[in-house]
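Examining the three-dimensional arrangement
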Amino acid sequence: MLIGHREVSFRCGWLNLLISSLLVMPAMSVTAQTLEIKLVDGKNGRPMVGTSAYVNIWVGGERKEAIAIPTDENGVARLQLTLNPNEENMPLSTGHGTMVEKHPVVKYAESFRINVPYVVCGSGEGDRSPLGLKNFSTKEVLDHGYASANTCGKVTATPQPGQVVLFVRPLTFMEKMKQ
């Protein structure tokens, strides 16, 4: 009978370990989550690259200044989210405006906002300002991804989890003059 009791204890121990692991794993997975924001020319499907290709991002409601993340040769700007404050490399505020960082690591938050120095092709006619902010749910993007509509051309994309695809186009001369 004692042996049977030990088997039950052993099984309960494994069950407790399994339950504990399932509760801890979601928190662990967030510590290494990366968001990718891909800028694609809506007319020709090419990535937006170069000195003027970047993404302004605000993670959560505490951050007052944007983090400007340059895109790589594939038109992708990356941001790492963490729950570990020791891994963060971006202060909440510097008092000097936008902060530029190629590989920012910031505290995970439930939402983030993006703007780009382009016209987002999926925007409505009255919302063609490059200064317009798009709000995103972090969980939705990490789980499913997001791709904007493309009213500038026929190029389409299927987002991957953790990825935001924005179809954009450069501002026209007249749009630049209105800025």
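Residues numbered from 1 in each chain as written. Predicted model: local features only at pLDDT ≥ 70, side-chain atom pairs only at ≥ 80, totals over all residues. Heavy atoms only, no water.

1. What about the state of the cysteines?
- Across all of its chains, the model carries one disulfide by this definition.
- Across a sulfur-sulfur distance of 2.1 Å, Cys121 and Cys152 are joined as a disulfide pair. Around the S-S axis, the bridge from Cys121 to Cys152 shows a dihedral of about -100° and counts as left-handed. Of this pair, Cys121 sits in the loop between strand E8 (119-120) and strand E9 (134-137) while Cys152 is found in the loop between strand E10 (146-147) and strand E11 (163-169), placing the two residues 31 residues apart along the sequence. The residues Cys121 and Cys152 share a single accessibility class, namely buried. (Disulfide = S-S within 2.5 Å. Helix = DSSP H or I, 4+ residues; strand = E, 2+ residues; numbered from the N terminus. Buried < 20%, exposed > 50% of the residue type's maximum accessible area, 1.4 Å probe, protein only.)

2. Points about the confidence of the model for the protein
- Averaged over all residues, the pLDDT of the protein equals 80, while 73% of them reach at least 70.
- For the protein, the element scoring lowest by mean pLDDT is helix H1 (residues 2-30), at 48; helix H2 (residues 138-144) scores highest, at 96.
- Confidence over residues 20-30 falls short of pLDDT 50; this stretch has five contacts with residues more than four positions distant or in other chains. (pLDDT = per-residue confidence, 0-100. Contact = heavy atoms within 4.5 Å.)

3. Remarks on the side chain of Thr82
- With respect to the helices and strands, the residue Thr82 is situated in strand E4 (residues 76-82).
- Of the polar contacts made by the side chain of Thr82, one reaches the backbone nitrogen of Asn84; its length is 2.9 Å. (Polar contact = N/O pair within 3.5 Å; in protein donor to acceptor, adjacent residues only side chain to side chain.)

4. With respect to a nonpolar patch on the surface
- Together, Phe173, Met174 and Met177 make up a nonpolar patch on the protein surface, roughly 390 Å² of accessible area in all.
- When you line up the elements, Met177 lands in helix H3 (residues 173-178).
- Overall, the relative accessible area of 55% leaves Met177 in the exposed class. (Patch = residues over 30% accessible without salt bridge, like charges linked within 9 Å, V, L, I, M, F, W, Y side chains within 5 Å. Areas by Shrake-Rupley, 256 points an atom, 1.4 Å probe, with all protein chains shown as cover. Salt bridge = Lys/Arg side-chain N within 4 Å of Asp/Glu carboxyl O.)

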